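Analysis of the macromolecular model
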Amino acid sequence: MRSSIDTDDALLAQYASLRVALCDEYDFLANALRAVQTDLATLAELVAHTRRDRDEQLSRIADAERNRLAPLKSSLDTLRAEHGLPRLPSAQEETERANTAYLSARLAQASQSSSQKQTRAKTTKKRGVRKQTETKSKAAKRTKKDDDNDFKPYS
């Protein structure tokens, strides 16, 4: 009877220490989660602030283009026309041209990559068919002698 009580006491002590360890782990993980949540909140504020700054900069750039650069561009185009030269494209036209060229190149690259993947998939599929055929032919070549040498359980 006494050994049963000692065993129970040992189990209770083990359970208590396990409970303490689990509580410590819970506290550690809860603190880590709080730290991650704080970092996420800080990051969200930083993203919002950065977006506001970006919007302000874009607004200033648009104002500068509209108020200073557009009149200069117009007078430059007039001077070029007087001398028989073609007008220069606007910044917006140049941006659109560059974006179109970039996107066309990316599309060509993506389609080339896609066709290479399809070719690899077909080659892999052919290899798989070859391996299956080789396995079947090897199995067909087994002789009766090989079957006799196989392990047979006791009857």
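To be clear, the structure that these remarks concern was listed above.
The structure contained in this document is the topic of the report that follows. What you see is a predicted model; the values in this text were computed from it and never measured.

**A closer look at the overall build of the protein**
Across its full length, the protein holds three helices and zero strands. Counting from the amino terminus, the protein carries its helices and strands in the arrangement α-α-α. Out of the 155 residues belonging to the protein, those deemed buried represent 2%.

**Considering helix α1 (residues 2-82)**
The end-to-end C-alpha distance of α1 is 115 Å, a good match for the 120 Å that 81 residues give at a rise of 1.5 Å each. Roughly 45° is the biggest bend found in α1, and it falls at Leu69, with proline Pro71 one to four residues downstream. All of the buried residues along α1 are Ala30, Ala64 and Asp77. Among the residues trailing α1, Gly84 stands out with phi positive, at a value near 80°.

**Considering the pattern of salt bridges**
Where charged atoms of side chains with opposite charge meet at close range, the side chains can pair. One pass over the full model with this rule turns up five salt bridges. One salt bridge in this structure joins Asp77 and Lys73, with 2.7 Å as the shortest N-O distance. With Asp77 and Lys73 both in helix α1 and four residues apart, this pair spans about one turn of that helix. Taking relative accessible area as the criterion, Asp77 reaches 15% and is therefore assigned buried. The closest approach of N and O atoms between Glu93 and Arg87, which form a salt bridge, is 2.8 Å. A relative accessible area of 47% places Arg87 in the partly exposed class.

**Looking at a nonpolar patch on the surface**
Where nonpolar side chains cluster on the molecular surface, the patch consists of Val36, Leu40, Leu43, Leu46 and Val47 and spans about 440 Å² of accessible area. Within the secondary structure, Val36 sits in helix α1.

**Details of the side chain of Asp77**
One polar contact links Asp77 to Lys73, side chain to side chain, over a distance of 2.7 Å. Those residues in contact with Asp77, other than ones at most four positions away along the chain, are Arg87 and Leu88.

Definitions and limits used
- Residues numbered from 1 in each chain as written.
- Predicted model: local features only at pLDDT ≥ 70, side-chain atom pairs only at ≥ 80, totals over all residues.
- Heavy atoms only, no water.
- Helix = DSSP H or I, 4+ residues; strand = E, 2+ residues; numbered from the N terminus.
- Buried < 20%, exposed > 50% of the residue type's maximum accessible area, 1.4 Å probe, protein only.
- Expected span 1.5 Å × (residues − 1).
- Bend = angle between axes of the 7 residues up to and from the residue.
- Salt bridge = Lys/Arg side-chain N within 4 Å of Asp/Glu carboxyl O.
- Patch = residues over 30% accessible without salt bridge, like charges linked within 9 Å, V, L, I, M, F, W, Y side chains within 5 Å.
- Areas by Shrake-Rupley, 256 points an atom, 1.4 Å probe, with all protein chains shown as cover.
- Polar contact = N/O pair within 3.5 Å; in protein donor to acceptor, adjacent residues only side chain to side chain.
- Contact = heavy atoms within 4.5 Å.

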